[in-house]
Amino acid sequence: MDRVRAPETVLADIAAITTLERGRLCPMRRPGGRQHYNLQFWHEGKNRCEYIRMDDLPAVQEAVENWERYEALTEEFAKALEKRTRQARKAAQEDRQKGGSANRRCSRPSES
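What counts and what doesn't
Residues numbered from 1 in each chain as written. Predicted model: local features only at pLDDT ≥ 70, side-chain atom pairs only at ≥ 80, totals over all residues. Heavy atoms only, no water. Axes fitted to C-alpha atoms, helices over the stretch in contact; angles between N-to-C directions. Helix = DSSP H or I, 4+ residues; strand = E, 2+ residues; numbered from the N terminus. Parallel < 35°, antiparallel > 145°, perpendicular 65-115°, else oblique. Left-handed = near helix turned anticlockwise from the far one by under 90°. Contact = heavy atoms within 4.5 Å. Pairing = 2+ DSSP bridges. Expected span 1.5 Å × (residues − 1). Buried < 20%, exposed > 50% of the residue type's maximum accessible area, 1.4 Å probe, protein only. Patch = residues over 30% accessible without salt bridge, like charges linked within 9 Å, V, L, I, M, F, W, Y side chains within 5 Å. Areas by Shrake-Rupley, 256 points an atom, 1.4 Å probe, with all protein chains shown as cover. Salt bridge = Lys/Arg side-chain N within 4 Å of Asp/Glu carboxyl O. Lys, Arg positive; Asp, Glu negative; His and termini not counted. Charge placed at Lys NZ, Arg CZ, Asp CG, Glu CD. pLDDT = per-residue confidence, 0-100.

A separate point is the packing of helix α1 (residues 7–15) against helix α2 (residues 57–97). Contact geometry for α1 and α2: axes closest at 9 Å, N-to-C directions at 165°. With respect to each other, α1 and α2 are oriented roughly antiparallel. Here α1 and α2 pass one another in a crossing that is left-handed. Facing Pro7, Glu8, Val10, Leu11, Asp13 and Ile14 of α1, the residues of α2 in contact are Arg69, Tyr70, Leu73, Thr74, Glu76, Phe77, Ala80, Leu81 and Arg84.

As structure tokens, then:
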């Protein structure tokens, strides 16, 4: 059984993410065997590529990983909220079937 966390807990995890970078880090080879990285991403409908300096590599790697985590957390949030919505709808439906307050008519005093 999958344990679903509360949506508020997932939102707190999302809020804790401080850097994001969409895209993918791609290792490239330079002449002489030296390695460098490019960040590939989509921008305004086009595939873009940006050179990443080796000094910036750890920060960009973290930001790309944070984007992947963000996407997973938003999916988890949606599932948690969907589950809560379905449970509320089911509870309301059961309440109506049991003749709960949603199904009762208010009696008004007759006007004379």
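Sheet topology note: the strand β1 (residues 24–29)/strand β2 (residues 35–43) ladder contains six bridges and is antiparallel. Note that in β2 the partner of Arg24 across the bridge is Gln40.

Here we take up α2. Since the α-helix advances by 3.6 residues per turn, residues separated by three or four positions end up pointing in the same direction. For α2, built from 41 residues, the straight-helix expectation of 60 Å at 1.5 Å per residue is met to within 8% by its first-to-last C-alpha distance of 60 Å. Taken together, the buried positions of α2 are occupied by Leu57, Val60, Ala63, Val64, Asn66, Trp67, Leu73 and Ala80. Considering only its buried residues, α2 is in contact with α1, β1, β2 and β3 (46–52). Trailing α2 by a residue or two, Gly99 shows a phi angle of about 85°, which is positive.

A contiguous patch of negative charge, built from Glu62, Glu65, Glu68 and Glu71, is present on the exposed surface. Within the secondary structure layout, Glu65 lies in helix α2. Classification of Glu65 by relative accessible area gives exposed; the value is 52%.

Low-pLDDT portions of the prediction should not be read for the details of their coordinates. Averaged over all residues, the pLDDT of the chain equals 87, while 87% of them reach at least 70. Of all helices and strands in the chain, the one with the weakest mean pLDDT is β1 (91), whereas β3 scores best (95).

This part takes up the sheet that holds β1. Strand order in this open sheet of three strands is β1-β2-β3, and the pairing throughout is antiparallel. The sheet is open, and its two edges are formed by β1 and β3, each paired on a single side. The sheet shows a mean angle of 35° between the axes of neighbouring strands, direction not considered.

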